[in-house]
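Descriptive structure summary
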Amino acid sequence: MKQFHRQLQRYWIFSITGFILILLLIIPLRLAIAYYQAPQPQAILTLGAWIDREEFTAEFARWYPSLEIWVSSGSFPYMVRPIFQAAGIRSDRLHLDYRAVDTVTNFTTLVPDFKQRQFQHLYLITSDYHMPRAKAIATLVLGSQGIAFTPLSVPSNQPKKESIRPIIRDIGRSILWIFTGRTGAKLQPFLNHYFSQYHFGLR
């Protein structure tokens, strides 16, 4: 009986691993198709947190008057709207969304909106130090939905890029979302503690 349970456990492990590998192989294909079908970005997605990202976006959007702008959990509206108004951006182009609580949910909360509008290619704007993590998440979350992205980094005063720890954590959360529709946002404090205590010698 124990041997049967071990074999069943191995079967499930191999099955799940194989499914994940197949999915991860499909994502590059879906991205390639999206780039081919929509070689030019159809909208702008800015990951909020710092006002310089919104200032960069407003200036950049002036050159692309046909693109809608989505700012995910950025600065307060009373701070953001004047920036875009000063740049001559029409209010109907600007979408301020505050559902996201972190970088993973910056993407997952807006995927339904992008798919509803049939977007296949986005400009992705965030700070230079934050871009490696944003690209890793975007590849999985957006790529799994057939949405490509072109990254645009905002120069910052940060002396170095983020460590590998949050990137690995959020890759795991993105894969969780693909399979379950959940981001594990409520588990983030535990994950932060786990990775800092037991991985990479960080505390």
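Report follows, based on the coordinates.

About the cut-offs
- In every chain, residue numbers begin from 1 and rise along the written sequence.
- The predicted origin of the model limits local features to residues at a pLDDT of at least 70 and limits the giving and counting of side-chain atom pairs to 80 or more, whereas totals for whole chains, interfaces and linings rest on all residues.
- Heavy atoms throughout the structure, all of them, feed into the side-chain values; hydrogens and water do not.
- Partly exposed describes any residue whose relative accessible area lies between the buried limit of under 20% and the exposed limit of over 50%, with all areas from a 1.4 Å probe on protein chains only and scaled to the type maximum.
- Put simply, DSSP H or I for four residues or longer makes a helix, DSSP E for two residues or longer makes a strand, and each gets a number counted from the N terminus.
- Strand pairing is defined by DSSP finding a minimum of two bridges between the two strands.
- Among buried residues, the Ala, Val, Leu, Ile, Met, Phe, Trp, Tyr and Cys ones that are joined through side-chain atoms within 4.5 Å form a nonpolar core.
- For this analysis, residues touch if any pair of their heavy atoms sits within 4.5 Å.
- Angles here are taken between N-to-C directions and fall from 0 to 180 degrees, while the axes themselves are lines fitted to C-alpha atoms, restricted in helices to the stretch in contact.
- For classification, angles of less than 35 degrees are called roughly parallel, those exceeding 145 degrees roughly antiparallel, those between 65 and 115 degrees roughly perpendicular, and all remaining angles oblique.
- Crossing chirality is assigned from the near helix's rotation relative to the far helix, an anticlockwise turn below a right angle marking it left-handed and a clockwise turn marking it right-handed.
- We call Asp, Glu, Lys and Arg charged. Ala, Val, Leu, Ile, Met, Phe, Trp, Tyr, Cys and Pro are nonpolar, and the rest, Gly among them, are polar.
- Any helix carries an expected span of 1.5 Å times its number of residues minus one.
- Salt bridge criterion: a side-chain nitrogen from Lys or Arg within 4 Å of a carboxyl oxygen from Asp or Glu.

**A look at the pairing of strand S4 (residues 121-127)**
The element S4 is extensively covered by neighbouring structure, given that seven of its seven residues are classed as buried. Bridge analysis of strand S1 (residues 43-47) against S4 gives four bridges, and the strand direction is parallel. Bridging across to S4, Thr-46 finds its partner in Ile-125. With seven bridges joining them, S4 and strand S5 (residues 148-154) adopt parallel strand pairing. Residue Leu-122 lies in a different strand from S5, and its bridge partner there is Phe-149.

**Notes on the nonpolar core**
If you look at the biggest cluster of nonpolar residues, it comprises 21 residues, and the most contacted ones within it are Leu-45, Trp-70, Phe-107, Phe-114, Leu-122, Leu-124 and Leu-142. Take this core: its biggest share by element is six residues, from helix H6 (residues 131-144). With residues near it in sequence (within four places) discarded, Trp-70 still touches Ala-43, Ile-44, Leu-45, Thr-46, His-95, Leu-110, Asp-113, Phe-114, Arg-117 and Phe-119. Among the nonpolar cores identified, the runner-up in size contains 18 residues, and Ala-58, Val-71, Tyr-123 and Ile-125 belong to it.

**Some remarks on the packing of helix H2 (residues 51-61) against helix H3 (residues 77-86)**
In the contact formed by H2 and H3, the axes pass within 9 Å of each other and the chain directions differ by 25 degrees. Relative to H3, H2 is oriented roughly parallel. Note that H2 runs across H3; the crossing there is right-handed. The residues of H3 that touch H2, namely those facing Ile-51, Glu-54, Glu-55, Thr-57 and Ala-58, are Met-79, Val-80, Ile-83 and Phe-84. Among the residues forming the contact of H2 with H3, the class breakdown is six nonpolar, one polar and two charged.

**What about the environment of Arg-30?**
Counting through the fold element by element, Arg-30 comes out in helix H1 (residues 2-37). Assessed through its relative accessible area of 35%, Arg-30 is described here as partly exposed. Residues Arg-30 and Gly-146, 116 residues apart in the sequence, show an inter-C-alpha distance of 5.0 Å. Contacts of Arg-30, omitting those with residues within four sequence positions, involve Gly-143, Ser-144, Gln-145 and Gly-146.

**As for the side chain of Thr-108**
Within the element layout of this structure, Thr-108 appears in helix H4 (residues 103-108). The contact partners of Thr-108, leaving out residues within four places of it in the chain, are Val-141, Trp-177 and Thr-183.

**With respect to helix H7 (residues 164-180)**
Compared with an ideal rise of 1.5 Å per residue, which puts 17 residues at 24 Å, H7 spans 24 Å between its outermost C-alpha atoms and is within 8% of the ideal. Of the positions making up H7, those classed as buried are Pro-166, Ile-167, Arg-169, Asp-170, Arg-173, Ser-174, Ile-175 and Trp-177. The first or second residue beyond H7 is Gly-181, which carries a positive phi of 80 degrees.

**Quick look at the pattern of salt bridges**
Going through the model one piece at a time under the given rule, you end up with ten salt bridges. Note that Asp-113 and Arg-99 form a salt bridge whose closest N and O atoms lie 2.9 Å from each other. In this pair, Asp-113 is assigned in helix H5 (residues 111-116) and Arg-99 in the loop between strand S3 (94-97) and H4, connecting sequence segments 14 residues apart. Here Arg-99 falls in the partly exposed class, since its relative accessible area comes to 46%. Here Arg-133 ties to Asp-170 by a salt bridge, and the two come within 2.7 Å at their closest N and O atoms. Placement of the pair is Arg-133 in helix H6 and Asp-170 in helix H7, with a sequence separation of 37 residues. Side by side, Arg-133 and Asp-170 carry an identical accessibility label, which is buried. A cluster of three or more residues bridged by salt bridges with shared partners is formed by Asp-102, Arg-133, Glu-162, Arg-169, Asp-170 and Arg-173.

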